[in-house]
Amino acid sequence: MRFLWFVAAILVATPVTAQGIQQTRGDFEDRFRQLDEVLPDPNVYRNASGAPGHQYWQQQADYRIDAQLDEDNRRLTARATIRYTNNSPDTLPWLWLQLDQNRFRSDSIAELANDFGGPGRRGPAVSAASGDQPARLSLGELRRQQSMADNEYGYDITAVTNADGSPLAHTIVGTLMRVDLPVPLAPGQSVDFGIEWAFNIVEENAVGARSGYEHFPDDPRSSGNDIFLLAQWFPRMVAYSDYEGWHNKEFLGRGEFTLEFGDYDVSMTVPDDHIVASTGVLQNPEEVLTAQQRQRLEQARTADEPMFIVTPAEAEANERSGPSGTRTWRFSAQNVRDFAWASSRKFMWDAQGHRQPGAENEIVMAMSFWPKEGGELWRRYSTAAVVHTMEVYSRFSFDYPYPTAQSVNGPVGGMEYPMITFNGPRTTLNDDGSRTYSLSEKVFLIGVVIHEIGHIYFPMTVNSDERQWTWMDEGINSFLDSVAGYEWDPDMPWTRSLPRDLIPYMTSDQQVPIMTQSDSVRNLGPNAYGKPSAAYHILRDTIIGRERFDFALREYARRWRFRRPTPADFFRTIEEASGTDLDWFWRGWFYTTDHVDISLDSIYRLRIDTENPDIDLPRRRQEHADEPERVGNRLNREQNLPIWVLENPGVTDFYDDNDQFTVTPRDRREFNEFLEALEPWERAAFDRAVEEDANYYVLNFSNLGGLVMPIILDLTFTNGSTERMMIPAEIWRRNSREVSKLLVFPRGRELEQVVVDPDWETADADVENNHYPRRIVPSRIEAFRSPDGESRVQRDLMHEAQE
């Protein structure tokens, strides 16, 4: 009968769906669910440990390109022969190529889908009307629109041909082109085909691209000079992978690139007074450099500091002269996923050999190219920062994998390609003709060179899919560039990548999860760069520890060197190599928009009862006496009001001399019975606890932000001593909203203050609820002078008209 009543109670309390399935509701949320529920299943291509599987494969695309730069018309014309090797188990009836320059066509998806007021790569350029404020359109956006209207951008594909010269059917779809093969490409086979194309080079400062030209009208040469930065300049093969097939996502401008490795042989014909910097190794120095420049280049291989290959004087002479013809520079690069180059007569060039004993490239040529506008800033810091980057990043990954590492100044603020990077900071020209630079420009240059050279490791070598997951390379790279920055100079004002830097973003309503596809991210900088970097700092410095985290990151880098990892491969490798279950961490930081806010709500100090009435009851009587006097009694006493029982002794009895704390024979009997009922081990534990009389503290925490994290405590005791302890995140496993922790300290060691996350290492959003007892919040107030009331009301047009 009791069982039937229980079943009836459940039926009354539980909703029943139309299908008759009983449903219960609760607020439990398991933030420690295993991530394998959302990650793709391991397979023969990618195994459960996060390593490449025993049947891992990737495609290869080799290029032979001849390009001609028309400086006067700012136009590039080129032709290429591409050999595509199908290493997949699939037969391919067609190939897809990327036509990134079509992003700048007026009818591109990127242009047509650009919403008014939406964020661009350089931040908001427009804002809609609000209240009585008119809509705004920046002058930069006006310039961009005018440049798009005045020029015809995008690829002009003039031929797509088979190896025998016969035309191949092809279809252009926005920034993509499908080439139909006359015979499907079977596994293990290769196909050669040719493409011819041309395009007008965008003015980078006007359009806002990752490449383009910059014009210097004030140079002494009559028509001025240009710097050309060439990237996304040739039709590149779309990646084909085991997890997505063809990666044919439209290039919208924000999500970067997904590419295949291959070998390149590239010739660039440019004006004969230009200096060319490029991916790869120069193959014909005797045809493009003077004997003295070639000698300097050889000497630089063993130099202890950067030395000029093209001196400031030679660059200045080139700036003033005009070309007498053209010259062809030829570069070769092996096993790279992309190819970029720069060309200008304005460049000076320095170089220094970076030594890697025992590496495949034992000497790497660290080099910088910059115009006079770069000045002393570039001479002092660019190549030095290149060398520093390789020293730091190689400790966390592998030896730098290529023979050159270059930093080139131009109109692009910061972009990376194999062996070459584009970096923007410059000096300021003063009225007296001197050039100086601010601290912010110095920090910018060193920081951007470290960051972009670092990208040659991630993703130029660890070849993650940037179009889908920007954070995979930008997050690791922002983490490592902050490590390198603090190793360069810890007192410089580096920003963006530490946990404390991300609190405003993580508590804002402008977030999306880190795992969001790149083109859909609302704030790319904090989302894809800062937040994952902060996560890695927390893993390294707080959760895993430096030794095990560094080992795991190196393992990930070496496993996926010259391969294409996915997020699952990264997550699984870090867990396996560090020996740490981090599913709760990945789920919270990468799949949600929760933030960290752990509040220390209260602390209770407890002491054990002896159960002996002759000890405990007098103590309780004293605790009662120590309570604040009742307000009414205090006021009566202050008014000298008489107390009835004191003035009338005849009304007193037993209870006037005894209270609830009086010890009775029954109390003593029950105490003895309690002791006699204990097992020997129970009596021993109880007697020891009574003798030690330890301090028991219960700390109550609330998780207000949603992210579960370890609880780091800084404990201060009344005797002046301190202690640091960390409660693992697993304390939240059964209740992610609130938990309590018991701490025990010996007699005489009493807590005075507790602070959660004292060093601000977990990105805790509210440091004030981390203090117990709560502290008075320190702040400042600024005095100001109110403006004249009349000037706020209206302008004196009569007076202004007389000026």
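Residues numbered from 1 in each chain as written. Predicted model: local features only at pLDDT ≥ 70, side-chain atom pairs only at ≥ 80, totals over all residues. Heavy atoms only, no water.

K.L.:
Teacher, can you tell me more about the overall build of the chain here?
P.N.:
Across its full length, the chain holds 22 helices and 36 strands. Relative to the 2.2 N^0.38 estimate, which gives 28 Å for 803 residues, the radius of gyration of the chain is 36 Å and therefore markedly larger than a compact globule would have. If you line up the chain on its principal axes, its C-alpha atoms span 130 × 85 × 60 Å. Per-residue burial over the chain gives 50% buried out of 803 residues. Expressed as a percentage of contacts within the chain between residues at least 6 apart in sequence, the contacts between residues at least 24 apart total 74%. Roughly 39600 Å² of accessible area belongs to the chain as shown, and the carbon and sulfur atoms make up 50% of that amount. In the chain, 82 side chains carry a positive charge and 126 a negative one; their mean positions are 1 Å apart. (Helix = DSSP H or I, 4+ residues; strand = E, 2+ residues; numbered from the N terminus. Rg over C-alpha atoms; globule rule 2.2 N^0.38 Å. Buried < 20%, exposed > 50% of the residue type's maximum accessible area, 1.4 Å probe, protein only. Contact = heavy atoms within 4.5 Å. Areas by Shrake-Rupley, 256 points an atom, 1.4 Å probe, with all protein chains shown as cover. Lys, Arg positive; Asp, Glu negative; His and termini not counted. Charge placed at Lys NZ, Arg CZ, Asp CG, Glu CD.)

K.L.:
Help me out: how do you make sense of the sheet that holds strand β22 (residues 341-344) in this one?
P.N.:
Remark on secondary structure: sheet strands pair via backbone hydrogen bonds, oriented parallel or antiparallel. If you walk across this open sheet you meet the four strands as β12-β13-β22-β18, and the pairing is antiparallel. Strands at the two margins of the open sheet, each flanked by one partner only, are β12 (212-216) and β18 (275-278). Here the average twist between neighbouring strands, direction ignored, is 10°. (Pairing = 2+ DSSP bridges. Axes fitted to C-alpha atoms, helices over the stretch in contact; angles between N-to-C directions.)

K.L.:
I keep staring at unusual backbone geometry and nothing clicks. Help me out?
P.N.:
Trans peptide bonds make up the majority, and among non-glycine residues the majority have a negative phi. The omega torsion across Phe458 and Pro459 is 15°, close enough to zero to call that bond cis. In this fold, Pro459 is placed in the loop between α9 (439-454) and α10 (470-488). Here the bond from Tyr772 into Pro773 is cis, since omega is 0°, no more than 30 degrees from zero. Here Gln232, not a glycine, exhibits a phi torsion of approximately 50°, which is positive. Mapped onto the secondary structure, Gln232 falls in the loop between β13 (225-230) and β14 (236-237). Classification of Gln232 by relative accessible area gives buried; the value is 4%.

K.L.:
Help me out: how do you make sense of the pairing of strand β33 (residues 722-727) in this one?
P.N.:
Successive side chains on a regular strand alternate, one facing one side of the sheet and the next facing the other. As defined by bridge partners, strand β32 (residues 711-717) adjoins β33 across six bridges and the pair is classed as antiparallel. By the bridge assignment, Ile711 is partnered in β33 with Ile727. Hairpin connection, β32 to β33: the antiparallel pair is bridged by four residues, and Gly720 has positive phi, about 90°.

K.L.:
Is there a simple way to think about the packing of aromatic side chains in this case?
P.N.:
According to the stated counting rule, one finds 50 aromatic pairs in the structure shown. Judged by centre distance (6.5 Å) and plane angle (90°), the rings of Tyr381 and Tyr437 are edge-to-face. Taken together, the positions of Tyr381 in helix α8 (residues 375-396) and Tyr437 in the loop between β29 (435-436) and α9 put the pair 56 residues apart, joining distant regions of the chain. Taking the centre distance of 5.7 Å and the plane angle of 25° together, the rings of Phe585 and Trp589 count as stacked. A residue pair is termed a helical-turn pair when its members lie 3 or 4 positions apart in one helix, as Phe585 and Trp589 do in helix α15 (residues 583-591) at four residues. Both residues of the pair, Phe585 and Trp589, belong to the buried class. Here Arg561 stacks its cationic end above the ring of Phe398, 5.5 Å away from the centre of that ring. Positioned over the ring face of Phe717 is Arg749, at 3.8 Å from the centre of the ring. (Phe/Tyr/Trp six-rings, centres within 6.5 Å; stacked < 30°, edge-to-face > 60°. Lys NZ or Arg CZ within 6 Å of the ring centre and 35° of its normal.)

K.L.:
Sorry, what's going on with the pattern of salt bridges here?
P.N.:
Opposite charge on two side chains allows them to pair when their charged atoms are near. Applying the stated criterion across every chain yields a total of 58 salt bridges. One salt bridge in this structure joins Glu203 and Arg143, with 3.0 Å as the shortest N-O distance. Here the residue Glu203 occupies a position in the loop between β11 (190-200) and α4 (204-207), and Arg143 occupies one in helix α3 (residues 139-150), the gap between them amounting to 60 residues. The network of salt bridges with shared partners includes Asp219, Glu319, Lys346, Lys372 and Glu373. (Salt bridge = Lys/Arg side-chain N within 4 Å of Asp/Glu carboxyl O.)

K.L.:
Any chance you could explain the environment of Pro220 here in plain terms?
P.N.:
Its location among the elements puts Pro220 in the loop between β12 and β13. Measuring from C-alpha to C-alpha, the distance between Pro220 and Asn770 comes to 62 Å, with 550 residues separating the pair along the chain. For Pro220, the contacting residues outside a window of four places in its chain are Glu319 and Arg320.

K.L.:
What is the right way to look at the environment of Trp233 in this model?
P.N.:
Within the secondary structure, Trp233 is located in the loop between β13 and β14. Classification of Trp233 as buried rests on a relative accessible area of 0%. Distance from Trp233 to Ala78, taken between C-alpha atoms, is 9.3 Å for residues 155 residues apart in sequence. Ignoring sequence-local partners within four residues, the contact set of Trp233 consists of Ile65, Ala67, Leu76, Tyr155, Trp197, Phe199, Val266, Phe339, Ala340 and Trp341.

K.L.:
Just checking my understanding: could you explain helix α12 (residues 524-543) for this structure?
P.N.:
Every α-helix carries 3.6 residues per turn, so stepping three or four residues along brings you back to the same face. In the structure, α12 departs most strongly from a straight axis at Gly530, where the bend amounts to approximately 30° and where the proline Pro532 lies between one and four residues downstream. Extensive coverage of α12 is indicated by the burial of 17 of its 20 residues. A positive backbone phi angle near 105° is found at Gly545, which sits one or two residues after α12. (Bend = angle between axes of the 7 residues up to and from the residue.)

K.L.:
Please explain the environment of Ser464 as it appears in this structure.
P.N.:
Structurally, Ser464 can be placed in the loop between α9 and α10. Taking relative accessible area as the criterion, Ser464 reaches 2% and is therefore assigned buried. For the pair Ser464 and Thr566, spaced 102 residues apart in sequence, the C-alpha to C-alpha distance is 6.6 Å. Sequence-distant contacts of Ser464, that is, excluding residues within four places in its chain, are made with Phe257, Arg337, Pro459, Met472, Asp473 and Pro565.

K.L.:
Looking at this structure, I do not really get the side chain of Asn527. What am I missing?
P.N.:
Here Asn527 lies in helix α12. Side-chain polar atoms of Asn527 contact the side chain of Tyr505, separated by 3.2 Å. Within the structure, Asn527 has its side chain in polar contact with the backbone oxygen of Val512 (distance 2.8 Å). (Polar contact = N/O pair within 3.5 Å; in protein donor to acceptor, adjacent residues only side chain to side chain.)

K.L.:
What should I look at first to understand the side chain of Asp273 in this one?
P.N.:
Note on placement: Asp273 falls in the loop between β17 (262-271) and β18. Looking at Asp273, its side chain comes within polar contact range of the side chain of Arg345, at 2.6 Å. If we ignore the near neighbours within four places in the chain, the residues touching Asp273 are Asn318, Ser321, Gly322, Pro323 and Arg345.

K.L.:
I'm lost on a nonpolar patch on the surface in this one. Help?
P.N.:
On the surface, a cluster of nonpolar side chains totalling about 550 Å² of accessible area is made up of Ile643, Trp644, Val645, Leu646 and Val651. Summarising the element assignment, Val645 is placed in helix α18 (residues 644-647). (Patch = residues over 30% accessible without salt bridge, like charges linked within 9 Å, V, L, I, M, F, W, Y side chains within 5 Å.)

K.L.:
Whenever I open this one, helix α20 (residues 680-692) confuses me. Can you help?
P.N.:
In this model, α20 (13 residues) spans 18 Å end to end at C-alpha, consistent with the 18 Å of a helix rising 1.5 Å per residue. After α20 finishes, the residue Asp693 shows a positive phi value of roughly 50°. (Expected span 1.5 Å × (residues − 1).)

K.L.:
Would you mind going over the sheet that holds strand β23 (residues 348-355) with me for this structure?
P.N.:
Here six strands make up an open sheet; going across it, the order is β20-β23-β24-β25-β27-β26 and the pairing mixed. Edge positions in the open sheet fall to β20 (307-310) and β26 (414-417), since each of these has one partner strand only. Across the sheet, the mean angle from the axis of one strand to that of its neighbour is 20°, orientation sign disregarded. As defined by bridge partners, strand β25 (residues 404-409) adjoins strand β27 (residues 420-423) across four bridges and the pair is classed as parallel. The partner of Val408 across the bridge, within β27, is Phe422.

K.L.:
I keep staring at the packing of α9 against α10 and nothing clicks. Help me out?
P.N.:
Two quantities define a packed helix pair, namely the angle between the axes and the distance from one axis to the other. One way to put it is that α9 packs onto α10 with a least axis distance of 9 Å and a crossing angle of 135°. Compared by their axis directions, α9 and α10 come out oblique. Relative to α10, the crossing made by α9 is right-handed. For the pair α9 and α10, contact is made by Ile446, Ile450, His451 and Gly454 and by Glu474, Asn477, Ser478, Asp481, Ala484, Gly485 and Trp488, respectively. Residue composition of the contact of α9 with α10, grouped by class: four nonpolar, five polar and two charged. (Parallel < 35°, antiparallel > 145°, perpendicular 65-115°, else oblique. Left-handed = near helix turned anticlockwise from the far one by under 90°. Nonpolar A, V, L, I, M, F, W, Y, C, P; charged D, E, K, R; others polar.)

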